[in-house]
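Given next are the chains, with one letter for each unit.
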Amino acid sequence: MGVRFLGLVESILFLLLVAICLPGCSPSPGDAITDVLNQCAAIGSASAQYEQDQGIQARFIATEFQRVDVSACPGDFRMAFQVHVFAWQNAEEYLAKNTLGTAFLEGFLAGLTDNPAWIGKTSSDVAVANQQINETYFTLTQVAAAHGARIPRSVAGE
């Protein structure tokens, strides 16, 4: 009976040891976020092929970001990430309109109607869209840093 009891105690101790060690084997929230940010950096690099058309570039970034699996990340990061994706999606429309033709048309309409309000409307919309992207990115990196993630240089703009 004593041997059997010792075997039971050893089994329980082994299970406790495994239970304690297993969580350390899974990636930390910071590691999961770092993986996501590394994927985003690669997407950002790949988007350079569309830099001649900023609308298409924004659509590419938003679409590829949406495909990134963030399920292993904490909820606050997932939320901030989705808001950042939405900022890219919303910017697509404005960035697509920001062309020399649009600038010419705005100038022409301003002259035709004698209303300077036409001038710079698209540029103003683009500035607001870019500000949204930057603000959501800043929030995203703050949340990431709070979880101990490493921000890749290419994502941090270095």
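Refer to the structure printed above.
Rules used in this analysis
- Residues numbered from 1 in each chain as written.
- Predicted model: local features only at pLDDT ≥ 70, side-chain atom pairs only at ≥ 80, totals over all residues.
- Heavy atoms only, no water.
- Core = buried A, V, L, I, M, F, W, Y, C linked by side-chain atoms within 4.5 Å.
- Buried < 20%, exposed > 50% of the residue type's maximum accessible area, 1.4 Å probe, protein only.
- Helix = DSSP H or I, 4+ residues; strand = E, 2+ residues; numbered from the N terminus.
- Contact = heavy atoms within 4.5 Å.
- Expected span 1.5 Å × (residues − 1).
- Polar contact = N/O pair within 3.5 Å; in protein donor to acceptor, adjacent residues only side chain to side chain.
- Axes fitted to C-alpha atoms, helices over the stretch in contact; angles between N-to-C directions.
- Parallel < 35°, antiparallel > 145°, perpendicular 65-115°, else oblique.
- Left-handed = near helix turned anticlockwise from the far one by under 90°.
- Nonpolar A, V, L, I, M, F, W, Y, C, P; charged D, E, K, R; others polar.

S.K.: Explain the nonpolar core to me, please; I cannot follow it from the model alone.
M.R.: The tendency in soluble globular proteins is for nonpolar side chains to be buried as a group. Judged by nonpolar contacts, the single largest core of 29 residues is most densely connected at Val36, Phe65, Phe77 and Phe81. Among the elements of the structure, helix 2 (29-46), helix 3 (54-67), helix 4 (75-97) and helix 6 (121-146) are those that each provide at least two residues to this core. Sorting elements by how many residues they give to this core places helix 4 first, with eight residues. If sequence neighbours within four positions are ignored, Phe77 has contacts with Ile33, Val36, Leu37, Val70, Leu140, Val143 and Ala144.

S.K.: Honestly, helix 3 in this entry has me stumped. Any pointers?
M.R.: Turn by turn, an α-helix covers 3.6 residues, leaving residues three or four places apart pointing in a common direction. Between its terminal C-alpha atoms helix 3 stretches 20 Å, which fits the 20 Å expected from 14 residues at 1.5 Å a residue. Buried within helix 3 we find Gly55, Gln57, Ala58, Phe60, Ile61, Ala62 and Phe65. With a side-chain oxygen positioned 3.1 Å from the backbone nitrogen of Gly55, the residue opening helix 3 is Asp53.

S.K.: Mind showing me how you'd approach the environment of Asn38 here?
M.R.: The topology assignment puts Asn38 in helix 2. As for Asn38 and Arg153, which are separated by 115 residues in sequence, their C-alpha atoms are 9.3 Å apart.

S.K.: Hey, could you run me through the packing of helix 2 against helix 3 in this one?
M.R.: When two helices pack together, their arrangement is given by the angle between the helix axes and the distance between those axes. It is the contact of helix 2 with helix 3, at a shortest axis distance of 10 Å, that shows an interaxial angle of 155 degrees. One way to sum up the angle between helix 2 and helix 3 is to call them roughly antiparallel. In this structure, helix 2 crosses over helix 3, and the sense of that crossing is right-handed. Residue-level inspection shows Cys40, Ile43 and Ala46 of helix 2 in contact with helix 3, the latter providing Phe60, Ile61, Glu64 and Phe65. Classifying every residue of the contact of helix 2 with helix 3 gives six nonpolar, no polar and one charged.

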